[in-house]
Amino acid sequence: MAATSPDPSPRSAGGPAADRATRIEAHGIDHIPDGERHGRPRELFSVWAAANVTYLSLVVGGALVLMGLSLGQALVVIVVGNLFWLLTGVLAISGPAAGAPSEVITRAVYGVRGNRVNNAVTGWVISVCYFALNLAAAAGAVFALVEKAGIGASTGVKLVIVLVIAGITLTIGVYGHGLIVRLYLPVTIALTAVFGVVAYVVLLRADFGHAPDAPPHGVELWATLIAGVTLIAAGPLSYTTSADFSRYLPRTSSAKAVMGWTALGGFLPSVVVCAIGALAGTIVDMTDPQAALESLLPGWFAPVFLLALVLGTIAINAMTAYSAGLALQAVGLRIRRSRSVLVDGAVAVALTLYALFVSDFLDTVGNVLQLTVVLLGPAMTVYAVDILLRRNRYDGLALTDESRGSSFWYAGGVNPAGAAGVLGGAGAAALCVDTAYTGPIARALGGIDLALPVGMGVAGLLYALLMRGRVTR
């Protein structure tokens, strides 16, 4: 369980002593008292922006062109898919209201015991998988750097690189919220400068009239467009834990500001970086995005670009490790948050080595991003519907009560409405999916994958109907 809350009285310019950038964060999944709340909603912009200038966004942007879309179609898909950041913003408003992370707030959705299962699957397992995929991407960039320096990227060298990157990432995750908020503004500025240069170089050479030699038509075109939106939407839908980074804000913080700065921080960089990948795909083969983009850049700038990829990946993975650590506590593991982050890192490193040395990286990325939508779409929807039903009124202290007398014990510790909503939505989505396998509905529609809208729609409707009149504020 989390450490005991420290005396909230010592303060500095960096906020309460419990949340200073130079100290390991003392809080875990426990409630943040009003006396320790600090900061402004606009700080959330740099937190989310730094975490979304990533190599995977370049991969996904280039993949849209490889899928057979024209540049115009790819850009529309990028904007539409990234509109799902609005949902991430909606979830973030529950943080200041409850003074608790998403991993605790969702006890209102699933019940005390049901929420442990939710955190184990959507909070921990999926987070660790994303951590591993991003770590593999960052390691690949460093492999290229050491080879440019004339050092052979042997298995031993690769192992050291993975461990060093993971070590830096986990250090940020262990220090926690205060360091993330303080560090990510300069990281955002640095990444913006580097990707500004990349965007300029790509824009000079991009083929704005690009169209594939054999463009898809009819059902095939719709299937491709929807698959592209789903691929893009997988990014924001993976952040069902956005309240983790807003919970230290004062209870009186504007909900609109919290939602807006969170959504904009994810939307803007994701659109720009995905668009760079799509534009680059009109002039080079983006099957290997890193090598393709390096071929467009001046020789002196290529190492700077690779370092930026690593920095962006460290930023997103530190947030992922932080939330995964909270999820591990919420599952019921009696361990300090700082130590739970290290457990996450150990598992993620093992998965990363598998991704690097055994499986095909691009195939793994595509399968994970698209299949997680089956579960994450419904999970995010029922959480958002709960916020709307309760009008974002949460009792943070009541949410920390895990006893049978808890307001959120429901039936045997499980909220039937939450379970039915997410399982019903995931089941409906599974019938419509067309990625690693083809569901019966997708087959009947000629390959059109409606898993995202169907899963989210069914989950939200079920939860709203079953919880109507039963909400406790």
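Structure: see above.
The notes below deal with the structure included here. (Residues numbered from 1 in each chain as written. Predicted model: local features only at pLDDT ≥ 70, side-chain atom pairs only at ≥ 80, totals over all residues. Heavy atoms only, no water.)

Looking at the element boundaries, A139 is found in helix α8 (residues 112-148). Overall, A139 belongs to the buried group, its relative accessible area being 0%. Residues A139 and W222, spaced 83 residues apart in sequence, show a C-alpha to C-alpha distance of 36 Å. Once residues within four sequence positions are removed from consideration, A139 is found in contact with I161, V162, I165 and L356. (Helix = DSSP H or I, 4+ residues; strand = E, 2+ residues; numbered from the N terminus. Buried < 20%, exposed > 50% of the residue type's maximum accessible area, 1.4 Å probe, protein only. Contact = heavy atoms within 4.5 Å.)

Moving on to the packing of helix α3 (residues 71-82) against helix α11 (residues 218-237). At a closest axis distance of 8 Å, the pairing of α3 and α11 adopts a crossing angle of 45°. Accordingly, the angle class assigned to the pair α3 and α11 is oblique. As for how α3 packs across α11, the hand of that crossing is right-handed. Residues Q73, V77, I78, V80, G81 and N82 of α3 lie in contact with α11, whose contacting residues are L221, L225, G228, V229, I232, A233 and P236. Taken together, the residues of the contact of α3 with α11 break down into nine nonpolar, four polar and no charged. (Axes fitted to C-alpha atoms, helices over the stretch in contact; angles between N-to-C directions. Parallel < 35°, antiparallel > 145°, perpendicular 65-115°, else oblique. Left-handed = near helix turned anticlockwise from the far one by under 90°. Nonpolar A, V, L, I, M, F, W, Y, C, P; charged D, E, K, R; others polar.)

Where α8 meets helix α14 (residues 302-331), the axes come as close as 8 Å, and the angle between the chain directions of the two elements is 160°. Classified by the angle their axes make, α8 and α14 are roughly antiparallel. Relative to α14, the crossing made by α8 is left-handed. Residue composition of the contact of α8 with α14, grouped by class: 23 nonpolar, seven polar and two charged.

Purely geometric stuff here, so don't read any function into it on its own.
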